[in-house]
Amino acid sequence: MKNIKDYNLEELKQELIKLGEKAFRAEQIFKWIYQENVTSFDEMTNLSLELREKLKKEYTLCIYKIIKKQESEDGTKKYLFDVLDGNAIETVLMEYHHGYSICVSSQIGCKMGCKFCASTGINFIRNLSSGEILEQILAVERDANIKISNIVFMGIGEPLDNYNNVINAIKIINNPKGLNIGARHISISTSGLVPKIYDLASENLQCTLSISLHATTDEKRSAMMPVNNSYNIETLMKACKDYIEKTNKRISFEYALAKDNNDNIEDAKRLVKLLKGMICHVNLIPINKIENGEYTKSTNENIIKFRDYLNAHGIVATIRRELGSDIDAACGQLRRKNLNN
Ligand code: SAH
């Protein structure tokens, strides 16, 4: 059955016209779904009974079941959702002083193969549809009885490898009749799919782009991230400069610090050189340990030295707070699950 959450407002209007209904019904339905967050068509009480029946026959509301919910000591919550086809994905809810932030998954599994990340591996299953991305937000809002104010595409998957569905989900998130969350409150993180960075630059969205950089030489980056064999650092930086020029937006570079790997002052020096003159921000992430992972976290002393070096040389860098690591909800710790084994 078709997932009604896969349609943006314009598309849903077309769907209703096909059903012999007036287009404005789509706006009413949008309000029920994204603002009232209902879980059945029967709750859409300003639609006729007949229309509700039609909708039930044609569409599903794709309501996720929570298989497991874990809460960290710092208040971060990790949800394991049954995505209704035998697979499960994780979504994380974080509370900040400025509101609630959600980290959504964009794919079931990931093809990128980054050596330090638990989300990847042999088992890429499929893309999530835009409705499935949105349902993560809605299901968390229902469960926690809150309104989300920030969305980061930093869960399982490579969002730019599921480009169309991610962009369509963002349209619905942004729509004042949809979730009504401004693009400035959305971040997309990519391991560096260069052609898609160029595409994103021409979308004219106000989202923040995060680039998972993690290393400053091709040798080191390729060892950590196979995507670097297709799009090396030079190619990636060129795309980033184009993005900044076209959008006039600052890019956020993610740099996960691994002990004796990419955390010494020589690395910091090269990073300064790479980023010189770009409007950007560096997010330093103490690398989180994953099962069978070969990388371990840098010492606090090295992390601080690294940050201070960047700051002293004109690059704004901050150390990311490690939320949820006690429940494996921190960066790189999310993974897909198969419900049958
Ligand atoms: N595929 C996208 C989205 C994932 S975002 C991307 O690569 O950007 C998750 C962020 O956490 C990325 O910056 C990723 O590189 C980082 N990450 C992955 N594993 C990590 C780990 N073990 N410790 C710290 N950060 C990690």
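Above: the structure in question.
Keep in mind that what you see is a predicted model, and the values were worked out from it rather than measured.

About the criteria used
- Residues numbered from 1 in each chain as written.
- Predicted model: local features only at pLDDT ≥ 70, side-chain atom pairs only at ≥ 80, totals over all residues.
- Heavy atoms only, no water.
- Buried < 20%, exposed > 50% of the residue type's maximum accessible area, 1.4 Å probe, protein only.
- Helix = DSSP H or I, 4+ residues; strand = E, 2+ residues; numbered from the N terminus.
- Pairing = 2+ DSSP bridges.
- Axes fitted to C-alpha atoms, helices over the stretch in contact; angles between N-to-C directions.
- Parallel < 35°, antiparallel > 145°, perpendicular 65-115°, else oblique.
- Left-handed = near helix turned anticlockwise from the far one by under 90°.
- Contact = heavy atoms within 4.5 Å.
- Phe/Tyr/Trp six-rings, centres within 6.5 Å; stacked < 30°, edge-to-face > 60°.

(A) Up close: the pairing of strand E12 (residues 251-257). For E12, the buried fraction is high: seven of the seven residues fall into the buried class. Taking every second residue as pointing to the same face, both faces of E12 are buried, with Ile251, Phe253, Tyr255 and Leu257 on one and Ser252, Glu254 and Ala256 on the other. Where strand E11 (residues 208-212) meets E12, four bridges bridge the pair, whose relative direction is parallel. Looking at E12, one finds that Ser210 is bridged to Ser252.

(B) Seen up close, the packing of helix H4 (residues 130-144) against helix H5 (residues 163-174). In contact at an axis separation of 8 Å, H4 and H5 are set at 50° when each is read in the N-to-C sense. Judged on the interaxial angle alone, H5 and H4 are oblique. At the point where H4 passes H5, the crossing takes the right-handed sense. In contact with Ser130, Ile133, Leu134 and Ile137 of H4, H5 contributes Asn165, Val166, Asn168, Ala169, Ile172 and Ile173.

(C) Structural detail: the packing of aromatic side chains. Following the criterion strictly, the structure yields five aromatic pairs and no others. Taking 6.0 Å as the distance between ring centres and 85° as the angle between the ring planes, the aromatic pair formed by Tyr7 and Tyr59 counts as edge-to-face. Separated by 52 residues along the polypeptide, Tyr7 in the loop between strand E1 (2-3) and helix H1 (9-18) and Tyr59 in strand E2 (residues 59-60) bring together distant segments of the chain. Across the pair, Tyr59 and Tyr7 agree in class, each one buried. Aromatic ring contacts, followed pair by pair, group Tyr64, Tyr79 and Phe81 into a single cluster.

Keep in mind these numbers describe shape, not what the thing actually does.
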